[in-house]
Amino acid sequence: MGYQTRLRRLGEYLCPLKLTLPSRVPILYVILGVLILVSVVPMYFYSEQVESINRERLITNERLLQNTVTRSLADDISQHQQALRIVMANLASAAQVASGGDFTSEHVEAPELRALLENFVASCADLAYATLLNSEYRGISAGCITPDEFLQRELEHAYDAANEGRVYNGQPLVVGSGTASRTVMLVSVPVMYGGRFLGMIGAFEDLGFLIRRLQDVNLAGLTPYVVDRQGRLVAGASPEFATGQDMTNLEIVRNFAEPNAGANLEPKWKAQKVAATTEFDLNRGKSVVKMLGTYCAVSNLDWAVIVQKPRAEAYRGVFEMQRTARLLALLAVLLSICISVFAARRITNPLQILTQSSRAIARGDFSQRVQLKSRTEIGELAATFNVMSEELEQFVEDLKRAAKENRELFLSSIQMLAGAVDEKDPYTRGHSDRVRRYSVLIAREMGLSEDLVEIVRISAQLHDVGKIGIEDRILKKPGALTPEEFEIMKTHTTKGANILRPVAQLKNMIPGIELHHESLDGRGYPRGLKDEAIPQLPRIIAVADTFDALTTNRPYQQAHDAESALRIIHNISGKRLDARAVAALTAAYERGEIQVHPVPAPIHTEIAAVASVPAPDPASVNADAAMVVETSRF
């Protein structure tokens, strides 16, 4: 007991944090966390910053591309239109010279004017039809198409504008059908002489050049088209766009066509001097496509060039850059984590070895040594730890040796004391040793721990130590005791407890010494305890004591054989003796662990008197039970 207590205290001294181990934070996690924090966090913020800068640049580049394309298209249309008007103005001047300023009916159809008009149409590949009308709305024409009623209506509108001295740009119209269809637009200039209206030159311009230009842009991944000031489609790059189609369902078209409330209801395209880029949503059936678009007004037309692109396509470079950057960042983070784990383990593995060795020493394994080669302070710590382990191992060996010697001395003293008691009464010689042996077998059969078995062993050895204080005349009396003598004999339990009580190491054995004559029915002594009030230790000793009393010769009885003694004990099991202890005794006997050798009666004069008394009939259970009750009091 003392040796184990000292070892436990030594373990607690060497490992004071033992009880707090579940709540500790492994140093590996601390070091790993610090390394990851130092390596990953700056990298994360750096990658985020770089990604943000590159994202903004890519978005700006995409918007700049659309801006450049729309302005380039708008400039091309404006220049083309301006060149056509210049040519038409030159034609008007040439017609005035050729006609002498006379566009009357007989002069308007002059060969010279017809030749000028035909050469004008032939010299411009984008002209489908041209006409020269005088103030009477009569004139000549040339071209590859014949004006239908829609074209005639446009000519009337142009004539009215020319009569007012204005240039006219008509609406885009589709002529022909199928593959022969084409989109044309009327452009007219007035012919004036000295402030007097002479007539009009009108030309239907084929917008094929514009469509081809839009198709070139479409091949670059953008969707271009041109709308007029009402938001109707002028020309588009794909068949899905029809000339005259209302495009105001698109936000970007509305941004161009709607009046600007801050400019006296002036259309935004007039207030807008540069290309405008915006994000908007395009409804395609049940789905909505997020778009990026740019529009730019054509300076000398009420038109706007618009290019648009799905944002997913427009920002593809942004998304790819983000994916690539995040993938690289993830790989860098994983690499940093791997390096951090490797570095952390290089630092913590030696500490883990020291921790495991410390735990082994705390468990009592003082032969543990740390095999660690390091030139750092950890290596010095390992060497110091090994020196400490050697000294502790030697110290513990000395403690074990001293504890073993103390234990042997202690047990020898106990056995010597019990032997001295047994020697006072020749009838009980060896009784304490036998009760100790039976009690240990019962305790182990009941499954008690070795610590409790040890308590049972010592308590059973000393259970009758109190008889050392009983007078010899009573203790050695060969006959039955008088009531007064019996009362004195019963005091041996309390005397034994009082003898051992000053010894602190024996305090756990006192119940077995003081209470081993208690009975479950409350008729025992010294306290008259009943049932569960009686501790387990005295119950075990009581069964072993009774069995030995029945199987040895006493002044008032002859020894019973083991089977007869067990029958008597079973008869009072659960009444006076503990049933579990009785069952354990029986099991040990049946396995052959208990061998009963009758002890011969001592030879002196009292034996003759006892021998003349006939032995009780073993078959008489009631008589045997009564005898056990009487003898077990000793």
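Above this text you will find the structure in question.
Calculation notes
Residues numbered from 1 in each chain as written. Predicted model: local features only at pLDDT ≥ 70, side-chain atom pairs only at ≥ 80, totals over all residues. Heavy atoms only, no water. Helix = DSSP H or I, 4+ residues; strand = E, 2+ residues; numbered from the N terminus. Buried < 20%, exposed > 50% of the residue type's maximum accessible area, 1.4 Å probe, protein only. Contact = heavy atoms within 4.5 Å. Areas by Shrake-Rupley, 256 points an atom, 1.4 Å probe, with all protein chains shown as cover. Pairing = 2+ DSSP bridges. Axes fitted to C-alpha atoms, helices over the stretch in contact; angles between N-to-C directions. Salt bridge = Lys/Arg side-chain N within 4 Å of Asp/Glu carboxyl O. Polar contact = N/O pair within 3.5 Å; in protein donor to acceptor, adjacent residues only side chain to side chain. Expected span 1.5 Å × (residues − 1). Arc of directions from axis to C-beta. Phe/Tyr/Trp six-rings, centres within 6.5 Å; stacked < 30°, edge-to-face > 60°. Parallel < 35°, antiparallel > 145°, perpendicular 65-115°, else oblique. Left-handed = near helix turned anticlockwise from the far one by under 90°. Nonpolar A, V, L, I, M, F, W, Y, C, P; charged D, E, K, R; others polar.

Chemist: What's the story with the overall build of the chain in this structure? I'm lost.
Modeler: A count of helices and strands for the chain gives 22 helices and 13 strands. Across the 634 residues that make up the chain, the buried fraction comes to 43%. For the chain, long-range pairs separated by at least 24 residues make up 60% of all intrachain contacts whose partners lie at least 6 apart in sequence. Entry remark: accessible area of the chain is about 33500 Å², with carbon and sulfur atoms responsible for 55%.

Chemist: Teacher, can you tell me more about the sheet that holds strand E13 (residues 303-310) here?
Modeler: Sheet strands associate in pairs through backbone hydrogen bonding, adopting either a parallel or an antiparallel arrangement. Read across the open sheet, the five strands follow the order E8-E7-E13-E12-E11; overall the sheet is antiparallel. In the strand order of this sheet, the two ends are held by strand E8 (233-236) and strand E11 (276-284), each with one partner. The mean inter-strand angle of the sheet, taken between neighbouring strand axes irrespective of direction, is 30 degrees. The sheet contact formed by strand E7 (residues 223-228) and E13 spans six bridges and is antiparallel. Looking at the pairing, Thr 223 lines up with Gln 308 of E13. Strand contacts of helix H6 (residues 208-219): E7, E8 and E13, with the helix running at about 145 degrees to E7, the strand carrying the most contacts.

Chemist: Mind showing me how you'd approach the pattern of salt bridges here?
Modeler: Close approach of charged atoms allows side chains with opposite charge to pair. Counted according to the given criterion, the structure contains 26 salt bridges. Glu 62 is paired through a salt bridge with Lys 309; the nearest N and O atoms lie 3.9 Å apart. Taken together, the residues Glu 62 in helix H2 (residues 27-99) and Lys 309 in strand E13 connect sequence positions 247 residues apart. Judged on exposure class, the residue Glu 62 and its partner Lys 309 are both buried. Put simply, Lys 467 and Asp 464 hold a salt bridge, and the shortest N to O gap is 3.4 Å. Like Lys 467, the residue Asp 464 is buried in the burial classification. Through salt bridges with shared partners, one network takes in Arg 63, Glu 279, Asp 281, Lys 290 and Arg 311.

Chemist: How do you make sense of the pairing of strand E2 (residues 139-143) when you look at a structure like this?
Modeler: Consecutive side chains of a regular strand alternate in pointing toward one face of the sheet and then the other. Two elements, strand E1 (residues 127-134) and E2, share five bridges in a ladder whose sense is antiparallel. Its bridge partner being in E2, Thr 131 is matched across the sheet by Ser 141.

Chemist: Would you take a moment to explain the side chain of Thr 586 for this structure?
Modeler: Along the chain, the position of Thr 586 falls in helix H20 (residues 579-590). Looking at Thr 586, the relative accessible area reads 12%, which means it is buried. A distance of 2.8 Å separates the side chain of Thr 586 from the side chain of His 570, its partner in a polar contact. Within the local environment of Thr 586, its side chain forms a polar contact with the backbone oxygen of Val 582, the two atoms lying 2.9 Å apart. In this view, Thr 586 contacts Leu 566 and His 570; residues no more than four positions away in its chain are not counted.

Chemist: I'm lost on unusual backbone geometry in this one. Help?
Modeler: For residues other than glycine, phi is negative in most cases, and the peptide bonds are mostly trans. Of the consecutive residues Tyr 525 and Pro 526, the connecting peptide bond is found in the cis state with omega at 15 degrees. Relative to the helices and strands, Pro 526 is located in the loop between helix H17 (510-514) and helix H18 (536-550). Phi angles above zero are rare outside glycine, and Tyr 137 is one such case at about 65 degrees. The topology assignment puts Tyr 137 in the loop between E1 and E2. With a relative accessible area of 32%, Tyr 137 lands in the partly exposed category. Positive phi values are uncommon outside glycine, yet Asp 531 reaches one of about 50 degrees.

Chemist: Just checking my understanding: could you explain helix H4 (residues 111-123) for this structure?
Modeler: The α-helix winds at 3.6 residues per turn, so residues separated by three or four positions along the chain end up facing the same way. Helix length check: H4, at 13 residues, gives a terminal C-alpha distance of 18 Å against a target of 18 Å (1.5 Å per residue), a fit within 8%. The set of residues buried in H4 consists of Leu 113, Leu 117, Phe 120 and Val 121. The arc that holds the buried residues of H4, viewed along the axis, is 95 degrees, so those residues lie on one side. Turned more than 90 degrees from where H4 packs its buried face, Pro 111, Asn 119, Ala 122 and Ser 123 sit exposed.

Chemist: What am I meant to see in the packing of aromatic side chains here?
Modeler: Aromatic ring pairs: the centre-centre distance and the angle between the two ring planes describe each pair. By the definition in use, this model includes six aromatic pairs. Relative to Phe 204, the ring of Tyr 129 lies with its centre 5.9 Å away and its plane at 45 degrees, an arrangement referred to as tilted. Taken together, the positions of Tyr 129 in strand E1 and Phe 204 in strand E6 (residues 196-206) put the pair 75 residues apart, joining distant regions of the chain. With centroids separated by 6.4 Å and ring planes inclined at 80 degrees, the aromatic side chains of Phe 486 and Tyr 525 adopt a geometry described as edge-to-face. Of this pair, Phe 486 sits in helix H15 (residues 483-490) while Tyr 525 is found in the loop between H17 and H18, placing the two residues 39 residues apart along the sequence.

Chemist: Teacher, can you tell me more about the packing of helix H13 (residues 450-461) against H18 here?
Modeler: If you want to describe how two helices pack, look at the angle between their axes and the distance between the axes. Between H13 and H18, whose axes approach to 10 Å, the crossing angle comes to 55 degrees. Classified by the interaxial angle, the pair formed by H13 and H18 is oblique. Crossing of H13 against H18: the hand is right-handed. For the pair H13 and H18, contact is made by Ile 455, Val 456, Ser 459 and Ala 460 and by Leu 537, Ile 540 and Ile 541, respectively. Here the contact of H13 with H18 is composed, by residue class, of six nonpolar, one polar and no charged.

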